[in-house]
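Report on the structure
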Amino acid sequence: MGSPVCGFLKQNNIIFLRFFAILVLSCIPDGTNLCSNPSFDTPTIPPHSSSSSIPSSLKTLTLDGYFSFENLKHAAKDFGNICHYLPIAVLHPKSVSDISSTIKHILYMSSVTKLTVAARGRGHSLQGQAQAYQGVVINMESLDRPSMYIENGEVPYVDVSGSELWINILHETLKYGLSPKSWTDYLHLTVGGTLSNAGISGQAFRHGPQIDNVYQLEVVTGRGEVVTCSDKENADLFYGVLGGLGQFGIITRARISLGPAEKMVKWIRVLYSEFSTFSNDQEHLISSNNSFDYIEGFVMINRTGLLNNWRSSFNPKDPIQASQFSSDGKILYCLEMVKYFNPEKIDVLNQDIEKLLSELNYIPSTLFLSEVSYVEFLDRVHLSEIKLRSKGLWEVPHPWLNLLIPKSRILDFAEGVFGNIVKDNNNGPILIYPVNKAKWNNRTSMVTPEEDIIYLVAFLSSALPGTDGLEHIMTQNQHILDFCAKAQLGAKQYLPHYHTQDEWQAHFGTQWETFVQRKSAYDPLAILAPGQRIFQKAISIT
Ligand code: FAD
């Protein structure tokens, strides 16, 4: 089925690109909130003109894997559990060529259908980003995964499938005393899913996000072509795909940079009652040379008894003083730091830590320490997942809001939001930590505020069953966004979600033109990742 499409694309290339760039961009629906209806059919998009013939046309494809056309509700669900768009089919690919053939077929059919394609990693998106209303969802996890290849030389790396989970990469690379350098807080996410966003955690201040730790990708573009790309080869596609919200291609393989892995970690938490002291210390640490290996932080608003919860995993340095500590109802800021170490070198480690802590201004009685294995630390959120699942609290709606705030306005943000707009954080953690953007690659598609130091602020709320939690949290999120806009903080959303093209254009700012050009080049019919709602599929006129 592939060759007629390729011929068509080659012959009409230039007209095709110009025409579809205009058509695709002019077709984006304005102001329709597709996520407001939590039912499994979303009536706001018109159905395909010839939808009944689509499944049978897909059935004609010769594949290593297969399509399913029934019981598709799982593909209309994600971690956010707020948006539900039913696809028309789910592809369970076994090979990269299954993905390529399917995309080429959809291109070939594009004069009669609006069929789109969403790659789905683990579906940990928040607002339907891995879904495709009446389109095809590609269940990336069914892709055959050849065993990981680990290069253990001077520049170590691992070659993995785009559908691989980070937790599996950790276990495999540790066999060689190596591991990736940059992580997410939770490792049961796919390589393709996180590289389409950024992959930010407490190591990003030093190593950049996960998208800055990739040497090479194999991608199936929106033209159905299988392309290898890197900094040296097809660099525009490479940087476009990294942080590209799935808009330019489906990542089928990635070469990820590795570094030496230690066996253990020293995990430290200290508290502050003044935001400025807390953030000064965080900024000091991310700029120091021999600093910690991981630096994050979180806010506690109206959280009584939290220190007691820590006692199962953290030991207070001074138990008597710690037991006498009282927050007096104040907002507390917790700085969280980790140093990796090898047990044979514990003495050096303790000296280094003592020196680093002596440069900080936390409340002295609130020093808490823990020692766990490297794997236990990196896989820490999975423990919470197991507990929450056992209580039926993992699959609740997650109206998360992630923001990037420039350092110059973080005090304004903290003052306006913590204790004012957000009066408690009983719905879930609020993370806040700075990263040193000077060490990040600015050629990727990821959008950040224009300052060297930026803060990630993550409101990780869960809407508990039987409460009006979801509505309340979403209203609160909107108040935070409105505050940022009114105060002109220069904030950007991470894992962004918008309703209109104007909002997307404002989000991308000066990067918008490049983003649009790349869309025209690699996915001219806007087939890919429709759940991001940036572009809308065009019907080709042949
Ligand atoms: P999906 O949700 O399935 O997909 C995400 C997007 O990528 C979709 O648009 C999809 O179409 C596209 N996509 C999926 N696979 C591919 C592929 N192979 N090629 C191209 N496009 C693809 N993020 C952080 O940065 N830091 C964190 O610390 C962090 N912690 C998290 C903790 C939890 C508990 C959860 C649920 C998420 C967390 N995330 C974090 C967010 C995470 O990066 C995103 O959820 C991301 O979407 C990865 O999830 P996924 O692999 O299931 O991808």
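Reading the values: the criteria
- Residues numbered from 1 in each chain as written.
- Predicted model: local features only at pLDDT ≥ 70, side-chain atom pairs only at ≥ 80, totals over all residues.
- Heavy atoms only, no water.
- Helix = DSSP H or I, 4+ residues; strand = E, 2+ residues; numbered from the N terminus.
- Buried < 20%, exposed > 50% of the residue type's maximum accessible area, 1.4 Å probe, protein only.
- Contact = heavy atoms within 4.5 Å.
- Areas by Shrake-Rupley, 256 points an atom, 1.4 Å probe, with all protein chains shown as cover.
- Near = heavy atom within 4 Å.
- Polar contact = N/O pair within 3.5 Å; in protein donor to acceptor, adjacent residues only side chain to side chain.
- Nonpolar A, V, L, I, M, F, W, Y, C, P; charged D, E, K, R; others polar.
- Phe/Tyr/Trp six-rings, centres within 6.5 Å; stacked < 30°, edge-to-face > 60°.
- Lys NZ or Arg CZ within 6 Å of the ring centre and 35° of its normal.
- Pairing = 2+ DSSP bridges.
- Axes fitted to C-alpha atoms, helices over the stretch in contact; angles between N-to-C directions.
- Core = buried A, V, L, I, M, F, W, Y, C linked by side-chain atoms within 4.5 Å.
- Salt bridge = Lys/Arg side-chain N within 4 Å of Asp/Glu carboxyl O.

**Digging into the overall build of the protein chain**
For the protein chain, the helix and strand inventory stands at 18 helices and 19 strands. Looking at the protein chain as a whole, 58% of its 542 residues qualify as buried. Considering only intrachain contacts with a sequence separation of at least 6, the fraction spanning at least 24 residues in the protein chain is 77%. Roughly 22,700 Å² of accessible area belongs to the protein chain as shown, and the carbon and sulfur atoms make up 51% of that amount.

**Details of the site of the ligand**
Surrounding the ligand, one finds 32 residues, the nearest of these being A119, G121, S125, T190 and Y494. Contact between the ligand and A119: an oxygen atom at 2.6 Å from a main-chain N or O atom of the residue. Between the ligand and I251, the relevant distance is 2.8 Å, taken from a nitrogen atom to a main-chain nitrogen or oxygen of the residue. Against a free-state accessible area of 950 Å², the protein chains account for coverage of 95% of the ligand. Where the shell around the ligand is concerned, the elements lending two or more residues are β3 (117-120), α6 (191-195) and β10 (249-260). For the shell around the ligand, the class distribution of residues is 13 nonpolar, 16 polar and three charged.

**Observations concerning the packing of aromatic side chains**
By the definition in use, this model includes 29 aromatic pairs. Taking 6.5 Å as the distance between ring centres and 85 degrees as the angle between the ring planes, the aromatic pair formed by Y157 and Y215 counts as edge-to-face. Linking Y157 in strand β6 (residues 157-161) with Y215 in strand β8 (residues 214-221), this pair joins segments that are 58 residues apart in sequence. Here the aromatic rings of F515 and F535 are separated by 6.1 Å at their centres, their planes lie at 10 degrees, and the arrangement is stacked. Pair noted here: F515 is in helix α18 (residues 512-522) and F535 is in the segment after α18, with a separation of 20 residues, a long-range link. Neither F515 nor F535 differs from the other in exposure class; each is buried. The ring of F69 has K59 sitting right over it, with the charged end atom 5.1 Å from the ring centre. The lysine or arginine in question, R380, covers the ring of F377, its NZ or CZ lying 4.3 Å from the ring centre.

**Describing the side chain of N425**
Position of N425 among the secondary structure elements: in the loop between α15 (410-417) and β17 (430-436). Polar side-chain contacts of N425 include one of 3.4 Å to the backbone oxygen of V299.

**Comments concerning the environment of D379**
Looking at the element boundaries, D379 is found in the loop between α13 (374-378) and α14 (380-390). Remark: the alpha-carbon pair of D379 and H188, spanning 191 residues in sequence, is separated by 8.5 Å. With residues up to four places along the chain from it excluded, the contact list for D379 reads I167, L187 and H188. Within the structure, D379 has its side chain in polar contact with the side chain of H188 (distance 3.1 Å).

**Notes on the sheet that holds strand β2 (residues 89-92)**
With respect to topology, four strands assemble into an open sheet ordered β1-β2-β4-β3, the strand pairing being mixed. Of all strands in the sheet, those with a lone pairing partner are β1 (66-68) and β3, marking the two edges. Direction aside, the axes of adjacent strands within the sheet are offset by 25 degrees on average. Bridge count for β1 against β2 is three bridges, and the pairing is antiparallel. Along β2, the bridge assignment pairs S68 with V90.

**Things to note about the nonpolar core**
Counting 126 residues, the largest nonpolar core has L195, L217, F413, F418, V457 and F459 as its most contacted members. Among the elements that take part in this core, strand β14 (residues 332-341) stands out by supplying eight residues, more than any other. The residues contacting V457, other than those within four sequence positions of it, are L401, N402, L403, I405, I410, F413, F418, I430, L431 and I432.

**Re the sheet that holds strand β11 (residues 264-272)**
What the nine strands build is an open sheet, ordered β13-β15-β11-β14-β12-β17-β18-β16-β19; its pairing is antiparallel. Either end of the sheet is taken by a strand with one partner, and the two such strands are β13 (315-316) and β19 (492-494). Of the strands in this sheet, β11, β12 (294-300), β14, β17 and β18 (453-459) touch helix α9 (residues 275-287), which is tilted by about 40 degrees from β17.

**Considerations on the pattern of salt bridges**
Applying the stated rule across the entire model yields 20 salt bridges. Note that K266 is salt-bridged to E371, the shortest N-O span being 2.9 Å. Highlighted residues: K266 in strand β11 and E371 in strand β15 (residues 368-373), separated in sequence by 105 residues. The exposure class assigned to E371 is partly exposed, which follows from its relative accessible area of 42%. Residues joined in a network through salt bridges with shared partners are K77, E385, R389 and E395.

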